[in-house]
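The chain contents come next:
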Number of protein chains: 2
Amino acid sequence: MKQKLLYTLLLAAGTISGAFAQNGSDAQMLARIREEGMSHSKVMQTAFNLTDVSGPRLANSPGLKRAQDWAVNALKTWGIVNTKREPWGKFGKGWEVQKYYAAITAPYYHAVIAIPKAWTPGTSGPISADVVVIKADSVVDLARYKGKLKGKIVMLDTKPLEERSFKADASRYTDAELTELAAAAPSAGGRPRTAGNLLSFRTALNKFYTEEGVGLVLSQSRGTDGTVFTSGGTAYADTAKTPAPELETSSEDFQRILRLVNAGVPVKMEADVKTQFFSNDLQGYNVVGELEGSDRKNELVIIGGHLDSWHAATGATDNAAGSAVMLEAMRILKRVGFKPRRTIRVVLWSSEEQGLHGSRNYVLNHFGDPKTMVLKPEQAKVSAYYNLDNGAGKIRGIYTQGNDAIGPIFKSWLEPFKDLGAATVTVRNTGGTDHLAFDAIGIPGFQFIQDGLDYGSRTHHSNQDTYDRLNEDDLKQAATVVAAFVYYTSQRDEMMPRKELPKPAAVKN
Amino acid sequence: MKQKLLYTLLLAAGTISGAFAQNGSDAQMLARIREEGMSHSKVMQTAFNLTDVSGPRLANSPGLKRAQDWAVNALKTWGIVNTKREPWGKFGKGWEVQKYYAAITAPYYHAVIAIPKAWTPGTSGPISADVVVIKADSVVDLARYKGKLKGKIVMLDTKPLEERSFKADASRYTDAELTELAAAAPSAGGRPRTAGNLLSFRTALNKFYTEEGVGLVLSQSRGTDGTVFTSGGTAYADTAKTPAPELETSSEDFQRILRLVNAGVPVKMEADVKTQFFSNDLQGYNVVGELEGSDRKNELVIIGGHLDSWHAATGATDNAAGSAVMLEAMRILKRVGFKPRRTIRVVLWSSEEQGLHGSRNYVLNHFGDPKTMVLKPEQAKVSAYYNLDNGAGKIRGIYTQGNDAIGPIFKSWLEPFKDLGAATVTVRNTGGTDHLAFDAIGIPGFQFIQDGLDYGSRTHHSNQDTYDRLNEDDLKQAATVVAAFVYYTSQRDEMMPRKELPKPAAVKN
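Conventions adopted
- Residues numbered from 1 in each chain as written.
- Chains lettered and ligands numbered in written order.
- Predicted model: local features only at pLDDT ≥ 70, side-chain atom pairs only at ≥ 80, totals over all residues.
- Heavy atoms only, no water.
- Contact = heavy atoms within 4.5 Å.
- Buried area = accessible area lost by both parts, 1.4 Å probe.
- Salt bridge = Lys/Arg side-chain N within 4 Å of Asp/Glu carboxyl O.
- Helix = DSSP H or I, 4+ residues; strand = E, 2+ residues; numbered from the N terminus.
- Nonpolar A, V, L, I, M, F, W, Y, C, P; charged D, E, K, R; others polar.
- Least-squares fit on C-alpha atoms with pLDDT ≥ 70 in both.
- Axes fitted to C-alpha atoms, helices over the stretch in contact; angles between N-to-C directions.
- Parallel < 35°, antiparallel > 145°, perpendicular 65-115°, else oblique.
- Left-handed = near helix turned anticlockwise from the far one by under 90°.

(A) Structural view of the interface of chain B and chain A. Contact residues are listed per partner, giving 51 residues for chain B and 51 residues for chain A. Carbon and sulfur atoms make up 56% of the area that chain B and chain A hide from each other, which totals about 3800 Å². The interface formed by chain B and chain A contains twelve salt bridges. With its nearest N and O atoms 3.8 Å apart, the salt bridge here joins Asp225(A) to Arg458(B). Counting residues per element, the ones that place at least two in the side of chain B that touches chain A are α4 (43-53), β2 (94-99), β4 (110-111) and α9 (251-262) of chain B. By residue number, the principal contributor to the side of chain B that touches chain A is α9(B), which donates six residues. Here the residues of the side of chain B that touches chain A sort into 21 nonpolar, 15 polar and 15 charged.

Following this line, the structure appears as structure tokens:
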């Protein structure tokens with residue numbers, strides 16, 4: 001309410017600066033967007049439905065389907081048109097946990113905090129077995145365990161995690177960090193994806209476990225204090241072999257068991273894990289909806305974020321937050337009566353966590369093939385794509401992804417949002433999420449700079465990625481800023497400037 | 001090893017300062033203590049046996065018995081005499097968890113992180129039931145739930161916890177904080193114990209739950225990120241009525257369930273909790289051992305810490321750490337061939353967590369009644385009692401507990417430990433643990449100042465109080481400093497100065 005009043009006063013006094021002030025109708029519409037976004041937000045209600053109500057949203061799982069159906073229905077209710085679940089091609093099997101229970105029963109009882117690894121089978125009913133520690137660095141080392149692991153609970157001798165509790169879990173960008181970001185040179189950026197060649201021993205080990213018929217595998221999860229991070233799980237292809245049952249185990253429980261066994265104290269465990277694979281529909285789907293344009297209705301502004309999550313929690317910050325913000329931006333724009341020039345499209349991706357499959361295939365289906373750079377006509381019609389997927393923190397600015405011409409435009413758009421903390425434009429690249437699919441085909445694709453909060457330390461892919469981590473003020477701000485960016489992109493006389501088209505050879509992943 | 005060399009050099013150069021340097025045999029013996037404590041420590045092995053191997057050590061539980069037996073045996077092995085489990089009077093029933101399982105099954109599956117509350121019964125086998133949220137602030141409000149809770153899983157509508165992740169979990173004392181502490185005026189200090197009058201609604205609620213035959217109570221635990229703090233549990237008296245089954249539930253799981261039910265989304269849960277009460281021996285026991293004195297053998301120096309813990313983990317920082325340090329101090333003193341003047345006694349208390357019962361009753365049995373201040377002869381024979389129970393952090397100094405005359409003595413004893421970070425003497429009181437039992441009967445009783453690390457934020461009474469939290473360097477330092485204090489106290493010509501005797505009316509608790 002305070003912000004609203006301030007803003008109304010500024011508007012009345014004509015002090016709103018920059019590009020924003022150049023056009024009276026811009027200022028009026030943006031004031032209404034801000035009023036709706038900051039004072040009549042539904043973003044937390046949306047986030048609640050995507051997280052608590054829908055549950056975990058692993059690719060092709062029933063939870064993702066529930067969230068997609070909710071989103072389609074919500075968009076329709078708000079008056080967004082052409083809403084649908086749009087298939088993008090074959091992904092693979094869905095999967096969900098239907099029971100998790102594991103405990104030490106000797107030398108004393110202790111229930112274990114762990115998460116069944118994605119796309120692993122359950123145990124053969126309730127099991128009870130000794131724990132065997134595998135000391136092996138190579139396939140050769142495995143020979144001595146041959147014939148000894150049938151039905152056992154096995155764990156690889158693994159070093160404890162490093163401590164890090166002298167550093168706060170959560171942080172926001174400082175002014176100095178933002179200044180540095182604004183002055184930075186272009187960089188590759190992005191989260192690195194795991195290299196395949198380092199995984200060969202792990203692959204051999206998993207094959208050995210399966211052949212030997214182990215009862216259950218315990219692997220040490222990243223995370224401390226009861227926080228358990230999931231690390232992947234790749235057996236979703238309809239042709240994939242079923243791996244051994246596996247629990248990603250809290251580091252404290254893993255190390256306790258390991259210390260005991262290594263000290264010669266026998267550890268017995270009981271476990272009962274049930275998981276379910278779904279192969280009735282192997283297609284992946286994105287959720288799509290539009291606010292139709294007017295004089296430029298064949299041109300597009302696209303916004304999106306991935307709706308799928310890992311399964312250990314409800315993927316609140318990764319990425320119900322981004323999805324809720326993008327849905328809320330659509331709701332705001334419709335609610336304020338905005339009639340865009342260009343058509344505004346929201347797409348909520350799926351299977352992002354397994355390699356940006358939803359967005360990459362969407363781009364392939366609609367805009368062209370980044371491998372060959374053979375383009376479809378619609379590629380030329382997309383002015384820009386905006387993505388949100390760096391946690392639940394508010395927007396502090398935007399990465400230009402090396403698009404120099406676009407910097408001054410973004411700077412002028414951010415001008416009226418300085419009081420909300422969003423002002424920084426950096427030429428740095430950022431990676432790891434769905435704007436890359438657009439960038440790869442020559443469509444201007446952007447991810448916003450967001451405050452990190454406890455995304456890296458606590459929530460990103462962990463069992464703690466729940467609704468509790470969402471901060472209403474941050475999400476309201478983000479939806480308002482996104483709606484403003486969409487507004488500007490839609491109304492601008494020109495399409496957004498593009499970088500040089502990538503060469504076919506320049507394609508990554 | 002670096003420290004050892006440095007110390008040897010200092011010793012050879014005759015640069016050791018203060019009281020320490022006044023007596024050549026002091027310096028030699030203290031050098032051997034330091035060498036043994038810092039370079040040949042067994043403190044981590046001791047801590048491992050008290051935590052990982054023994055398990056949770058709730059008062060009168062089998063886990064505590066295992067740890068006590070191990071300690072008695074270890075002391076014997078090291079050559080400590082008069083070792084025993086010494087009964088101190090009636091405590092009540094033992095208790096342990098034998099199975100914990102709980103999960104949401106609708107609107108989707110999710111296993112819940114929680115801990116059965118101490119001294120509560122299990123469920124009636126595996127149960128499956130709807131969750132009912134109780135909205136009540138008073139006994140009157142409960143009437144509308146009468147007859148509706150049979151077999152249900154119930155939770156009181158409870159506010160979410162405050163966030164605090166922008167602050168680091170762990171810290172050490174800064175120089176400035178220690179300077180402030182050294183300059184501080186005397187204070188009451190101590191952890192406050194829960195006031196009984198605030199608990200009346202809770203008591204009525206628990207009675208109502210039992211009468212209505214609820215299937216299971218969920219209460220919100222303090223703690224975030226998968227960390228669950230236990231809050232007590234008081235039904236250990238042999239005459240106590242059995243309360244309802246109760247789970248102290250991680251705040252994230254508790255709030256998720258609450259948000260869903262409050263939004264009208266039915267939540268179903270399944271649970272299977274087994275606990276076991278032990279009433280074959282209602283006596284409480286302390287572990288005792290001695291290094292016998294020579295010319296002053298009828299006088300005593302006592303050191304101790306409580307060995308009992310809460311049950312959610314293995315009580316590593318509360319207080320296996322203190323117990324291991326005190327055992328290690330005895331081992332060091334014996335190992336270096338020290339022949340004390342006064343007898344040195346170690347006592348590991350029990351039932352501290354329920355109100356310092358082990359130490360208070362020990363004092364009552366040996367030294368006198370603090371209610372009447374009728375003293376026993378041995379009260380005059382105890383020179384000092386030293387306690388360690390503020391987590392696993394190293395010793396930074398000592399609280400004089402308002403004993404002004406003792407400040408300069410402690411300062412001179414700490415002089416040679418400045419390089420190990422232990423130098424601060426404060427007249428501040430500290431409370432909450434077993435030195436209070438000695439202080440109450442007029443025996444000089446002290447608790448050391450320790451670095452807090454993540455004791456307050458993560459481990460104190462939580463499911464994360466495990467061996468992982470112990471830092472070898474800290475515990476080695478603490479054992480060395482304690483052994484030195486014991487050495488000085490034992491060898492000093494005079495008994496330690498005493499404060500004025502407390503008046504019978506001045507007794508607290």
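So that's the structure; there's more coming.
(B) The arrangement of the relation of the copies chain B and chain A in detail. Superposing chain B onto chain A takes a rotation of 180° combined with a translation of 0.0 Å along the rotation axis, leaving an RMSD of 0.0 Å. Taken together, the turn and the small shift mark the pair as related by a two-fold rotation axis. Taken together, the interface assignments show that 100% of the residues at the interface of chain B recur at the interface of chain A, consistent with an identical surface on both copies.

(C) Spotlight on the side chain of Thr230(A). With respect to the secondary-structure elements, Thr230(A) resides in the loop between β7 (216-220) and β8 (246-249). The contact partners of Thr230(A), leaving out residues within four places of it in the chain, are Ile115(A), Glu248(A), Trp310(A), His311(A), Ala312(A) and His461(A).

(D) Inspection of the packing of helix α9 (residues 316-335) of chain A against helix α14 (residues 472-491) of chain A at higher detail. All names here are of chain A. Between α9 and α14, the shortest axis-to-axis distance is 8 Å and the interhelical angle comes to 55°. Taken together, the axis directions place α9 and α14 in an arrangement best described as oblique. Our pair here, α9 against α14, has a crossing hand that is right-handed. Every residue of α14 that contacts α9 at Ala 321, Val 325, Met 326, Glu 328, Ala 329, Ile 332 and Leu 333 is listed here: Leu 475, Ala 478, Ala 479, Thr 480, Val 482, Ala 483 and Val 486. Within the contact of α9 with α14, the residues separate by chemical class into twelve nonpolar, one polar and one charged.

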